Amino acid sequence: AVPRQMPITRDCPYLSAHENLIEALLEMKSYADVQQVLSKYDDLGLPKSASICYTSVLLRARSAGELPLASADLNRNGMTAAELGLTASLSRAVEFNPHVPQYLLEQRSFVLPPEHVVKRGDSEAVAYAFHHLRHWKQIESALVVLHFSWESAIAHLTHPTQQGRYFHPYPTSTRDGDHQILPAHHTISTHPFESTPSSIKVTFSGCMLFLAITLLLQTFPLAIKGIFTVVLHTLHIPLELCAQMLEHYCPVVFQTLSDG
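Here the residue index of a chain counts from 1 through its sequence in written order. Per-residue local features are limited, in this predicted model, to residues with pLDDT of at least 70; the limit for side-chain atom pairs, both in listing and counting, is 80 or more; totals at the level of whole chains, interfaces and linings are taken over all residues. Remark: hydrogens and water are excluded; side-chain values derive from all non-hydrogen atoms of the structure.

**Some details on the overall build of the protein chain**
Right, on to step 1. Numbered from the N terminus, helices here are DSSP runs of H or I no shorter than four residues, and strands are runs of E no shorter than two. Counting its regular elements, the protein chain contains twelve helices and zero strands.
Right, on to step 2. For the protein chain, the succession of helices and strands along the chain, N to C, is α-α-α-α-α-α-α-α-α-α-α-α.
Right, on to step 3. The buried share among the 260 residues of the protein chain stands at 33%.
Right, on to step 4. When checking whether two residues touch, look at their non-hydrogen atoms; a contact exists if any pair is within 4.5 Å. Pairs at least 24 apart in sequence give 67% of the contacts found in the protein chain among residues at least 6 apart. For the exposure calls, accessible area comes from a 1.4 Å probe over protein chains only, and a residue counts as buried if that area is under 20% of its type's maximum, exposed if over 50%, partly exposed in between.

As structure tokens, then:
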């Protein structure tokens, strides 16, 4: 099958034949040929997939684990060039599909892969882990690197609505597509930052509160003035008690605050 798929992958890079070819080459442990296939998809104009991105991480982890460590190879951060390339490759893979690591580390249970998948979605992660988990287990250093590094890569992701470092914003339609493809009993994995950022929530709440107060002041000025008077008077009593206690128990501190 491999000799037949090679010309198809070379002549028609936009088809998905390369994913079957990558899996076949990994089964044969022909890592040099896998790297040759992946190198053709470094062009940003060609479509990416979880298979391309995470297989690149797999090969880099294998290379980094086999290279002898020399002090001359270390940079300021104590990492070799191979380790830096591995870190960048993992960041790119996690940005493309952040659902894959938990399946590869068997932290989430997955179902049989569907016939069709949603790119960058949970269904693609399920399909990739189902077909490629055994290849990751054959390279021990790969799972070790993934275990200790994937959460750091997740932490550096941008919000899905923003332009990423390597790819376009995360599609908002992936979850709906996954719901239609995956079985109902499967819990869909969501993007780590799919919820609204807390800063946006705080800003929105502050604006709404300011708008509400402004409308109330214009509509019921006398009533709002009376409410503010009662609130200030209510707060004045406990503050005055605190001041008296501070003056009684800590006269030096109270005197310093009064002079200031």
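**Looking at a nonpolar patch on the surface**
Right, on to step 1. Together, Leu209, Ile213, Leu217 and Phe228 line one region of the surface with nonpolar side chains, adding up to about 360 Å² of accessible area.
Right, on to step 2. In terms of residue count, helix 10 (residues 198-219) provides more of the nonpolar patch than any other element does, three residues in total.
Right, on to step 3. Take phenylalanine 228: it is sitting in helix 11 (residues 221-249). Note that patches include only residues with greater than 30% relative accessible area and no salt bridge, and the join distances are 9 Å for like charges and 5 Å for nonpolar side chains (Val, Leu, Ile, Met, Phe, Trp, Tyr). Under the convention used here, a 1.4 Å probe and the Shrake-Rupley method define accessible areas, while residue burial counts only the protein chains that appear. Basic side-chain nitrogens of Lys or Arg form a salt bridge, by our definition, when they fall within 4 Å of a carboxyl oxygen of Asp or Glu.

**With respect to helix 8 (residues 140-155)**
Right, on to step 1. Any helix carries an expected span of 1.5 Å times its number of residues minus one. Taking 1.5 Å of rise per residue, 16 residues should cover 22 Å, and helix 8 covers 24 Å from first to last C-alpha, within 8% of that figure.
Right, on to step 2. Buried within helix 8 are the following residues: Ala142, Leu143, Leu146, Trp150, Ala153 and Ile154.

**A few points about the nonpolar core**
One broad trend across soluble globular proteins is that nonpolar side chains are buried collectively.
Right, on to step 1. Nonpolar cores were defined as sets of buried Ala, Val, Leu, Ile, Met, Phe, Trp, Tyr and Cys residues, with membership established by side-chain atoms within 4.5 Å. Among the nonpolar cores identified, the biggest contains 44 residues, and Tyr54, Leu104 and Trp136 are the most heavily contacted of them.
Right, on to step 2. Of all the secondary-structure elements, those providing two or more residues to this core are helix 2 (17-27), helix 3 (31-39), helix 4 (50-66), helix 5 (81-96), helix 6 (100-104), helix 7 (122-138) and helix 8.
Right, on to step 3. A total of eight residues in this core trace back to one element, the largest contributor, which is helix 4.
Right, on to step 4. Aside from chain neighbours lying at most four places away, what touches leucine 104 is Tyr54, Tyr128, Ala129, Leu133, Trp136, Leu143 and Leu146.

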